[in-house]
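# Examination of the molecular architecture
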Amino acid sequence: MTHKQHPIGSGFTAASSATDVLAGIDLTGRQIIVTAGHVGLGLETTRALSRAGASVVVGARSPERAAAAVADLPGVQVHRLDLLDPRSVADFAAGYLDTGRPLHTLVNNAGIMGGPLVRDGRGYEAQFATNHLGHFQLTNALLPALRAATGARVVELSSWGHHLSDIRWDEPHFEDESSYDGMLAYGQSKTANVLFAVELDRLWSDDGIRGYALHPGGILGTNLAPWMPDEGWKLMGLIDEHGNVVIDPDRDLKTPQQGAATTVWAATSPLLDDIGGVFLQNSDIAPLEDIDEPVAVEFGTGPFEMTVGVTRYAVDPESAQRLWGLSEKLLAV
């Protein structure tokens, strides 16, 4: 199969920030949704897009807390969104559609990582349900607004973590709970994010809607994995002996501002106008790695290095179509 996973020379680097990426770009009149756009990378994304002139709607489980976090940003609204609750997702989407506004960019940013097994009200494993299924439902519900933009983008926050697991086709929700591993579940959800972008782009590009997935970088301090003790981060080389977060973009260890760069590049770069269904990293298209199987990693036990690129199974078009069908089936239940 032919792949589009080739860097295109964007001119940016791992050290580029969201501000660097948006230099000279005017987003006045652009309507954007950012899920969990009030914390961590989401907040940096919302801040950068707002300051470039965009109108941003933030979806958050706690609207009051989110409103306080974005109070100083112009053109930002907050509405309740709980990705684990299908009714909340439907209500959020219906509320946006009722405004009659087009949707130029949907940034599916919210996510959880690792930790003990948690299930939602349907019995679905919470990381797959939050990181993928909730965003799948939301994106499909917002399709009329995306079409109305006559040129829209859907940006999926995936991760290097997709290297940890392919889709567990026979048991995506760890029905055998003894097989559960928090980071394998995270890896599955991040692979799902990439496959979703691949199939979305295939299905909707004729409507002017393009899909992207990305790895933002290794960023601590975003509350993504509160279960990991500081000692684990130290053993992995992400916190130094004094307890300070290590910043080294060449090792993929970034500030939140650097981490948000690839998200806003995906959302705005004219270099992507005719390209979609690709995995991005360091504000460019990532290379395709010659990796067909997941990588075994013991988190929190020793040094850890992230590579640049995307696995073959995460961009496989047949798997992307299969996941779309599985997602529709799971949401119908």
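Residues numbered from 1 in each chain as written. Predicted model: local features only at pLDDT ≥ 70, side-chain atom pairs only at ≥ 80, totals over all residues. Heavy atoms only, no water.

## Focus: the overall build of the chain
Here is the rule we go by: Secondary structure is summarised from DSSP: a helix means a run of H or I of at least four residues, a strand means a run of E of at least two, and numbering begins at the N terminus for each. In this description the radius of gyration comes from C-alpha coordinates, and the expected globular size is given by 2.2 Å times residues to the power 0.38. Three labels apply to residues, based on accessible area from a 1.4 Å probe with only protein chains included: buried if under 20% of the type maximum, exposed if over 50%, partly exposed otherwise in between. Residues are treated as being in contact if the distance between any of their heavy atoms lies within 4.5 Å. Charged-residue counts in this description rest on Lys and Arg as positive and Asp and Glu as negative, His and the chain ends being excluded. For charged residues, the charge sits on one atom: NZ in Lys, CZ in Arg, CG in Asp, CD in Glu.
Tallying secondary structure elements over the chain gives 11 helices and 7 strands in all. Rg of the C-alpha trace for the chain: 18 Å, near the compact-globule value of 20 Å for 333 residues, within the 12% margin. Referenced to the eigenvectors of the C-alpha coordinate spread, the extents of the chain come out at roughly 50 × 45 × 45 Å. Looking at the chain as a whole, 57% of its 333 residues qualify as buried. Pairs at least 24 residues apart make up 72% of the contacts formed inside the chain by residues separated by at least 6 positions. With 23 positive and 42 negative side-chain charges, the chain shows a spacing of 6 Å between the two charge centroids.

## Here we look at the pattern of salt bridges
Filter applied, for reference: Salt-bridge detection follows one rule: a side-chain nitrogen of Lys or Arg within 4 Å of a carboxyl oxygen of Asp or Glu.
Overall, the coordinates contain 11 salt bridges when judged by the stated rule. With a shortest N-O distance of 2.8 Å, Arg168 and Glu171 are connected by a salt bridge. With a closest N to O distance of 2.7 Å, Arg202 and Glu199 form a salt bridge. Note that Arg202 and Glu199 are positioned in helix α7 (residues 182-204) at a spacing of 3 residues, about one turn of the helix. Through salt bridges that share partners, Lys4, Asp201 and Arg210 make up one connected network.

## Points about the packing of aromatic side chains
Centre-to-centre distance and the angle between the planes together describe a pair of aromatic rings. Using the following cut-off: Stacked, tilted and edge-to-face are the three classes applied to pairs of Phe, Tyr and Trp rings, where Trp contributes its six-membered ring and a pair requires centres within 6.5 Å; stacked means planes under 30 degrees apart, edge-to-face means over 60, and tilted covers the rest. Our definition puts a charge over a ring when NZ of Lys or CZ of Arg is within 6 Å of the ring centre and also within 35 degrees of the ring normal.
What the rule picks out here adds up to 5 aromatic pairs. Pairing Phe174 with Tyr180 gives two aromatic rings, centres 5.1 Å apart and planes at 80°, and the pair type is edge-to-face. Note on Phe174: relative accessible area 0%, which makes it buried. A connected cluster of aromatic rings, assembled from ring pairs, spans Phe136, Phe196, Trp204 and Trp324. Note that Arg168 overlies the ring of Phe174, its terminal NZ or CZ placed 3.8 Å from the centroid.

## Focus on the sheet that holds strand β3 (residues 76-80)
Selection criterion: What makes two strands pair is DSSP finding at least two bridges between them. In this analysis an axis means a line fitted to C-alpha atoms, helices contributing only their contacting stretch, and an angle means the value between N-to-C directions, from 0 to 180 degrees.
Pairing is parallel across the open sheet formed by 7 strands, whose spatial order is β3-β2-β1-β4-β5-β6-β7. If you trace the sheet from one side to the other, it starts and ends with β3 and β7 (278-281), each paired once. Sheet twist, expressed as the average angle between the axes of neighbouring strands with direction ignored, equals 20°. Contacting β4 (105-108), β5 (152-157), β6 (209-215) and β7, helix α10 (residues 261-268) runs over the sheet at an angle of about 160° to β5.

## Section: the pairing of β6
In plain terms, the rule: By the criterion used throughout, a crossover qualifies as right-handed when its path from the first strand across the helix to the second strand runs clockwise, the strands pointing away from the viewer.
Among the 7 residues of β6, 7 are classified as buried, and the element is accordingly described as predominantly covered. The side-chain alternation of β6 yields two buried faces, one formed by Ile209, Gly211, Ala213 and His215 and the other by Arg210, Tyr212 and Leu214. Here 6 bridges tie β5 to β6, and the two strands are oriented parallel to one another. Directly across from Leu157, in β6, lies its bridge partner Leu214. Since β5 and β6 lie parallel, the crossover through α7 that links them has a hand, and here it is right-handed.

## Quick word on the nonpolar core
Quick note on the threshold: Residues belong to a common nonpolar core when they are buried Ala, Val, Leu, Ile, Met, Phe, Trp, Tyr or Cys residues joined through side-chain atoms within 4.5 Å.
Residues Leu49, Val56, Val155, Val264 and Leu280 are the most contacted members of the largest nonpolar core, which totals 34 residues. No other element matches the 5 residues that α10 contributes to this core. Other than its neighbours up to four places away in sequence, Val155 contacts Thr105, Leu106, Val107, Asn108, Tyr212, Leu214, Thr263, Ala266 and Ala267. In this structure, Ile33, Tyr96, Ala145 and Leu200 belong to the second largest nonpolar core, which totals 26 residues.

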